[in-house]
Amino acid sequence: SKDRRGSPNTNPGANSPSSTKARNTSKNGKNFHYITILRDPVSRYLSEWRHVQRGATWKASLHVCDGRPPTSEELPSCYTGDDWSGCPLKEFMDCPYNLANNRQVRMLSDLTLVGCYNLSVMPEKQRNKVLLESAKSNLKHMAFFGLTEFQRKTQYLFEKTFNMNFISPFTQYNTTRASSVEINEEIQKRIEGLNFLDMELYSYAKDLFLQRYQFMRQKEHQEARRKRQEQRKFLKGRFLQTHFQSQSQGQSQNPSQNPSQTPNLNASQNVTQNLIPNLIQNLTQSSGQNPSPKENWESQKQSPGQEQSDGNTSNGTHDYIGSVEKWR
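Anyway, here's the lowdown on the structure attached to this text. Predicted model, so just to flag it, every value in this text is computed and none were measured.

**Thoughts on the environment of glutamate 74**
Working step 1: The topology assignment puts glutamate 74 in the loop between helix 1 (41-53) and helix 2 (89-94).
Working step 2: Take glutamate 74: its relative accessible area is 19%, and that puts it in the buried class.
Working step 3: Measuring from C-alpha to C-alpha, the distance between glutamate 74 and serine 120 comes to 9.6 Å, with 46 residues separating the pair along the chain.
Working step 4: With sequence-adjacent residues up to four places away left out, glutamate 74 is seen in contact with Arg68, Tyr117 and Asn118.

Right under this line is the structure:
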């Protein structure tokens with residue numbers, strides 16, 4: 001998206017209406033996705049100027065739009081020599097044909113909507129509006145886009161979007177060639193004016209990017225909460241199964257017991273239902289202050305009178321559930 005080649009057709013969103021789809025199919029039947037990385041317009045502009053100043057050119061770029069390249073009248077050159085090396089920043093900004101101006105909008109928009117490089121097709125104000133809206137639409141419908149200024153968030157969104165992980169974290173460099181260029185407020189304002197479409201696009205992109213990041217984080221938290229709930233449900237089921245198996249084994253070991261002492265299954269179910277709402281609260285209590293499950297159970301069997309005197313027949317079992325859950 002920094003468009004090192006300078007060609008609007010080097011990006012799938014340059015002049016193809018199909019680029020509004022996040023996912024597409026090539027001629028060989030394989031699926032592919034459009035992705036891009038945007039950068040702060042002023043930093044990107046200064047970076048390109050430094051690149052050009054060192055001798056970079058876009059001569060190998062293909063500026064084909066709507067099936068034809070632009071004429072020399074439609075796209076004049078900013079320099080006459082082999083390259084534009086050593087050009088001052090003022091000269092770089094003064095060229096009205098400089099493709100560095102609003103490069104990100106042009107790279108993402110559908111140029112066929114405005115007649116490609118023919119500036120006489122429509123008024124400038126209308127042309128700018130069409131280009132900006134086209135760039136926003138293509139960016140919004142891409143499978144993924146990131147921002148240079150948010151490397152870690154960009155990595156996070158990429159990994160979540162495509163369900164894959166990088167082997168090392170992205171690095172956020174605070175010092176770049178662009179940051180080493182000292183400009184005053186007047187130059188800053190002029191660069192922003194030359195890239196006013198890119199400024200609007202970047203503001204839109206930043207807002208959309210942060211919204212997607214927050215949405216993905218919330219989705220991740222909800223998934224983690226769901227897994228915790230499933231784990232608690234599983235542990236609760238395991239306990240209930242073990243509890244009733246222990247009761248069954250106790251009954252089988254005492255076949256001569258009085259029928260009046262036979263436990264009522266419906267009553268046991270009612271007790272279990274009364275215990276479930278308090279189960280989560282027991283999970284949060286400190287396990288270090290409670291006796292072990294075995295000790296708790298033994299104390300209940302040895303002191304049935306005390307349990308009745310409390311007026312709540314489920315207290316002993318209630319504590320036991322909490323202890324077992326913490327022990328598990």
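Structure's up, so let's keep going.
**What about the state of the cysteines?**
Working step 1: What the rule picks out here adds up to two disulfides.
Working step 2: Between cysteine 65 and cysteine 116 runs a disulfide, and the two sulfur atoms are separated by 2.1 Å. Every disulfide takes its handedness from the sign of the S-S torsion; for cysteine 65 and cysteine 116 that torsion is -75°, giving left-handed. Here cysteine 116 lies in the loop between helix 3 (103-108) and helix 4 (124-140) and cysteine 65 lies in the loop between helix 1 and helix 2, a separation of 51 residues in the sequence. As far as the burial class goes, cysteine 65 and cysteine 116 line up, both buried.
Working step 3: Between the sulfur atoms of cysteine 78 and its disulfide mate cysteine 95 the distance is 1.8 Å. Taking the sign of the S-S torsion, -80° for the link of cysteine 78 and cysteine 95, the bridge is left-handed.

**Quick look at helix 4**
Working step 1: Compared with an ideal rise of 1.5 Å per residue, which puts 17 residues at 24 Å, helix 4 spans 24 Å between its outermost C-alpha atoms and is within 8% of the ideal.
Working step 2: Residues of helix 4 that are buried include every one of Arg127, Asn128, Leu131, Leu132, Ser134, Ala135, Lys136, Asn138 and Leu139, and no others.

**Here's the deal with the pattern of salt bridges**
Working step 1: Taken as a whole and judged by the stated rule, the model has nine salt bridges.
Working step 2: The network of salt bridges with shared partners includes Arg44, Glu48 and Arg103.

**With respect to the packing of aromatic side chains**
Working step 1: Inspection of the entire model under this criterion finds 12 aromatic pairs.
Working step 2: Ring centres 6.3 Å apart and planes at 50° place the aromatic pair phenylalanine 145 and phenylalanine 209 in the tilted group. With phenylalanine 145 in strand 4 (residues 144-147) and phenylalanine 209 in helix 7 (residues 196-253), this pair connects stretches of sequence that are 64 residues apart.
Working step 3: A relative accessible area of 2% means that phenylalanine 145 is categorised as buried.
Working step 4: Taking the relative accessible area as the measure of exposure, phenylalanine 209 reaches 0% and is therefore buried.
Working step 5: A centroid spacing of 5.4 Å and a plane angle of 70° characterise the contact between tyrosine 156 and tyrosine 213, whose relative ring orientation is edge-to-face. Here tyrosine 156, found in helix 5 (residues 151-162), pairs with tyrosine 213, found in helix 7; they are 57 residues apart in sequence, far enough to count as distant. For the residue pair tyrosine 156 and tyrosine 213, the accessibility class agrees, reading buried in each case.
Working step 6: Aromatic ring contacts, followed pair by pair, group Phe144, Phe158, Phe162, Phe166 and Phe170 into a single cluster.
Working step 7: The ring centre of tyrosine 213 lies 5.1 Å from the NZ or CZ of lysine 153, which sits over that ring.

**Brief notes about the packing of helix 1 against helix 6 (residues 185-194)**
Working step 1: Where helix 1 meets helix 6, the closest approach of the two axes is 9 Å, and the angle between their N-to-C directions is 95°. On the basis of the axis angle, helix 1 is roughly perpendicular to helix 6. Contacts between helix 1 and helix 6 involve Val42, Tyr45 and Leu46 from the first element and Gln188, Ile191, Glu192 and Leu194 from the second.
Working step 2: Residues belonging to the contact of helix 1 with helix 6 are distributed by class as follows: five nonpolar, one polar and one charged.

**Observations concerning the layout of surface pockets**
Working step 1: Approximately 620 Å³ is the volume found for the second largest pocket.
Working step 2: Contributing to the lining of the second largest pocket are 22 residues, with Pro96, Asn101, Arg106, Leu119 and Arg127 lying nearest its centre.
Working step 3: Where the lining of the second largest pocket is concerned, the elements lending two or more residues are helix 4, helix 6 and helix 7.
Working step 4: By residue number, the principal contributor to the lining of the second largest pocket is helix 4, which donates four residues.
Working step 5: Of the residues that constitute the lining of the second largest pocket, the class distribution is 11 nonpolar, six polar and five charged.

**Concerning the nonpolar core**
Generally speaking, nonpolar side chains in soluble globular proteins are found buried as a group.
Working step 1: Counting 29 residues, the largest nonpolar core has Leu38, Val105, Leu108, Leu139, Phe145, Leu147 and Leu201 as its most contacted members.
Working step 2: Contributing elements (two or more residues each) for this core: helix 3, helix 4, strand 4, helix 5 and helix 7.
Working step 3: The element that contributes the greatest number of residues to this core is helix 7, accounting for eight residues.
Working step 4: Not counting chain neighbours up to four residues away, the residues in contact with phenylalanine 145 comprise Thr36, Leu139, Ala205, Leu208, Phe209 and Arg212.

Conventions adopted
Residues numbered from 1 in each chain as written. Predicted model: local features only at pLDDT ≥ 70, side-chain atom pairs only at ≥ 80, totals over all residues. Heavy atoms only, no water. Helix = DSSP H or I, 4+ residues; strand = E, 2+ residues; numbered from the N terminus. Buried < 20%, exposed > 50% of the residue type's maximum accessible area, 1.4 Å probe, protein only. Contact = heavy atoms within 4.5 Å. Disulfide = S-S within 2.5 Å. Expected span 1.5 Å × (residues − 1). Salt bridge = Lys/Arg side-chain N within 4 Å of Asp/Glu carboxyl O. Phe/Tyr/Trp six-rings, centres within 6.5 Å; stacked < 30°, edge-to-face > 60°. Lys NZ or Arg CZ within 6 Å of the ring centre and 35° of its normal. Axes fitted to C-alpha atoms, helices over the stretch in contact; angles between N-to-C directions. Parallel < 35°, antiparallel > 145°, perpendicular 65-115°, else oblique. Nonpolar A, V, L, I, M, F, W, Y, C, P; charged D, E, K, R; others polar. 1 Å grid on protein atoms, 1.4 Å probe; cavity = no way out; pocket = protein on both sides within 12 Å on 5 of 7 lines; lining within 4 Å. Points joined across faces, edges and corners; volume = space filled by probe spheres on them. Core = buried A, V, L, I, M, F, W, Y, C linked by side-chain atoms within 4.5 Å.

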